[in-house]
Amino acid sequence: MTTAQTQELDVQPTPLALLLLGREADPRSERGVECPGDLPSPSDPDLVERARAAKAKLGDKVFVLGHHYQRDEVIQFADVTGDSFKLARDAAARPQAEYIVFCGVHFMAESADILTGDDQKVVLPDLAAGCSMADMATAEQVAECWDVLTEAGIAEQVVPVSYMNSSADIKAFTGKHGGTICTSSNAKRALDWAFQQGEKVLFLPDQHLGRNTAVRDMGMSLKDCVVYNPHKPNGGLTAEELRAAKMILWRGHCSVHGRFSLDSVNEVRERIPGVNVLVHPECRHEVVAAADHVGSTEYIIKTLEAAPAGSKWAIGTELNLVRRLANRFASEDKEIVFLDRTVCFCSTMNRIDLPHLVWALESLAEGTLVNRIEVDKETEAFAKLALERMLALP
């Protein structure tokens, strides 16, 4: 329907509809809306050489980080690869690098800015590279949730634990309220610590990682978990339900890992006899329960490295990584397939493409700072406090 037709029918598009159509911006979202300057054409055959030349001109002044979910055309220029927290720590370990170019998404670049020195500048090649999961918990929503917990008389018993995949604002809230950050590999240690500090945990923003860790790794029951929905009054929960719960899970999820289903697992087992199902803990609980192995991105890589030749694997994580691993281990006769038949890239991660990377590197090489990610000092202080608590976990 055209704009003229909607005007004739006196239909007013909602802000959400405009946002989805790319005609509006949400200032409260971590997604960026601009990329100043002209990007090179994606069909330019000289893009690879231009990226190499700009990176060589910058020399030690630039340090390029590449998340595992990045496309191959970008990952080839990364000085280091890894998950979000590993990359942020790698950046902090390179104080001589004036520019940190983070090929990932917005919250990752924020974490890098928090952990690096004041004289280092973190650049995100495309400001529109956000994270749908991180966007599912805003500072205003979480503050309102804390008010609900206070009214229920349980806020003093609750320790917030926030997943690394969250905005700097949420990390700062966590630090301010005595909580810690976790990754997918240390979530159990973070929860063990949290339950030593209080009786309940508010887990942000991924409900699946929180639920899977509590039930699969810590022996809790599904009845110990409730889901707080920020779009419903009081989170859609009664005060009695909040008081009875041990785990208050935020209603958030990963748009990639949330797509895998129990049907996906059953179908691949029928299609590939003897297959090992290996999934990320951001997957739904029923998928994790049906899998043979569950672990972080780094765990997935290490498991496949140690797997015997001739073994068969169905992987439940982002497709760029699965495809890269399949190619890497093909010579060892390891059969590695995507868990679901539906192709599923991380759409926001894929916004970091070669044209954006070339534009960012060439701009820096010419002395023009672009797309800097900078966390304000107060937010940084409380977010860093939460991160330091994670680093101090036993």
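Residues numbered from 1 in each chain as written. Predicted model: local features only at pLDDT ≥ 70, side-chain atom pairs only at ≥ 80, totals over all residues. Heavy atoms only, no water.

### Quick look at the packing of aromatic side chains
One pair of aromatic rings is described through two measures. These are the centre distance and the angle between the planes.
Item 1. On inspection of all chains with the given rule, the structure shows 3 aromatic pairs.
Item 2. Seen in terms of ring centroids, Trp146 and Phe173 are 5.6 Å apart; in terms of plane orientation they differ by 80 degrees. Their pairing is edge-to-face. Taken together, the residues Trp146 in helix α8 (residues 139-151) and Phe173 in helix α9 (residues 168-176) connect sequence positions 27 residues apart. Here Trp146 matches Phe173 in class, with each residue buried.
Item 3. Geometry around Phe382 places Lys176 over its ring, the cationic atom sitting 5.1 Å from the centre. (Phe/Tyr/Trp six-rings, centres within 6.5 Å; stacked < 30°, edge-to-face > 60°. Helix = DSSP H or I, 4+ residues; strand = E, 2+ residues; numbered from the N terminus. Buried < 20%, exposed > 50% of the residue type's maximum accessible area, 1.4 Å probe, protein only. Lys NZ or Arg CZ within 6 Å of the ring centre and 35° of its normal.)

### As for the packing of α8 against α9
Item 1. Relative to each other, α8 and α9 sit at 25 degrees, their axes nearing to 9 Å. The orientation of α8 relative to α9 falls into the category roughly parallel. Across the interface between the two elements, Ala139, Val142 and Trp146 from α8 touch Asp169, Ile170 and Phe173 from α9.
Item 2. Of the residues in the contact of α8 with α9, the class split is 5 nonpolar, no polar and 1 charged. (Axes fitted to C-alpha atoms, helices over the stretch in contact; angles between N-to-C directions. Parallel < 35°, antiparallel > 145°, perpendicular 65-115°, else oblique. Contact = heavy atoms within 4.5 Å. Nonpolar A, V, L, I, M, F, W, Y, C, P; charged D, E, K, R; others polar.)

### Some thoughts on the environment of Lys188
Item 1. Structurally, Lys188 can be placed in helix α10 (residues 187-197).
Item 2. Given the relative accessible area of 36%, Lys188 is considered partly exposed.
Item 3. In the structure, Lys188 is positioned 28 residues away from Arg216 in sequence and 9.9 Å away in space, judged by C-alpha atoms.
Item 4. Sequence-distant contacts of Lys188, defined by excluding residues within four places in its chain, comprise Thr213, Asp217 and Met218.

### What to know about the nonpolar core
Item 1. If you look at the biggest cluster of nonpolar residues, it comprises 109 residues, and the most contacted ones within it are Val101, Phe203, Met247, Val279, Leu304, Ile336 and Leu339.
Item 2. Per-element accounting of this core gives the leading share, 8 residues, to helix α17 (residues 354-365).
Item 3. Ignoring sequence-local partners within four residues, the contact set of Leu339 consists of Phe260, Ser264, Val265, Val268, Val277, Val279, Val287, Ala314, Ile315 and Gly316.
Item 4. Judged by nonpolar contacts, the second largest core, of 21 residues, contains Cys145, Leu202, Leu204 and Ala245. (Core = buried A, V, L, I, M, F, W, Y, C linked by side-chain atoms within 4.5 Å.)

### A word on the pairing of strand β7 (residues 200-204)
Each regular strand displays side chains that alternate between the two surfaces of the sheet.
Item 1. Most of β7 sits out of view: 5 of its 5 residues are buried.
Item 2. Because side chains alternate across β7, one face comprises the buried residues Lys200, Leu202 and Leu204, and the other comprises Val201 and Phe203, equally buried.
Item 3. Where strand β5 (residues 158-163) lies against β7, 5 bridges are found, and the strand directions are parallel. Each bridged residue has a counterpart across the sheet, and for Ser162 the counterpart in β7 is Leu204.
Item 4. Taken together, the 3 bridges between β7 and strand β9 (residues 247-250) define a ladder with parallel strand orientation. The residue bridging Phe203 from the neighbouring strand is Leu249, located in β9. (Pairing = 2+ DSSP bridges.)

### Quick word on helix α6 (residues 106-115)
Each full turn of the α-helix corresponds to 3.6 residues, which orients residues three or four apart in the same direction.
Item 1. Burial of α6 is extensive: 10 of the 10 residues sit out of reach of the surface.
Item 2. Residues His106, Phe107, Met108, Ala109, Glu110, Ser111, Ala112, Asp113, Ile114 and Leu115 constitute the buried set of α6.

### Structural notes on the environment of Ala134
Item 1. By the element assignment, Ala134 lies in helix α7 (residues 132-135).
Item 2. Using a relative accessible area of 3% as the deciding quantity, one classes Ala134 as buried.
Item 3. When the C-alpha positions of Ala134 and Cys254 are compared, they lie 8.7 Å apart, and in sequence the two are 120 residues distant.

### Considerations on the UniProt feature "binding site: [4Fe-4S] cluster" (unreviewed entry) in the protein
Item 1. Residues annotated in UniProt with the feature "binding site: [4Fe-4S] cluster" (unreviewed entry) correspond here to Cys131, Cys254 and Cys346. The greatest C-alpha distance among the annotated residues, which extend across 216 residues, is 9.3 Å, indicating that they converge on a single site.
Item 2. On the basis of relative accessible area, Cys131 is assigned to the buried category, the value being 12%.
Item 3. By the element assignment, Cys346 lies in the loop between β13 (335-338) and α17.
Item 4. For Cys346, a relative accessible area of 13% translates into the label buried.
Item 5. Apart from the residues within four sequence positions on either side, Cys346 is in contact with Val256 and Glu318. (UniProt positions renumbered as here; feature names shortened; annotations may be inferred.)

### Section: the sheet that holds β7
Item 1. Spatially, β6-β5-β7-β9-β8 is the arrangement adopted by the 5 strands of the open sheet, whose pairing is parallel. One side of each edge strand has no neighbouring strand; the edge strands of this open sheet are β6 (180-182) and β8 (225-228). On average, each strand axis in the sheet is tilted by 25 degrees relative to the strand beside it, whichever way the strands run.
Item 2. Contacting β5, β6 and β7, α9 crosses the sheet at an angle of about 150 degrees to β5.
Item 3. Across the sheet, helix α11 (residues 207-217) touches β5, β6, β7, β8 and β9, and the angle it forms with β9 is around 155 degrees.

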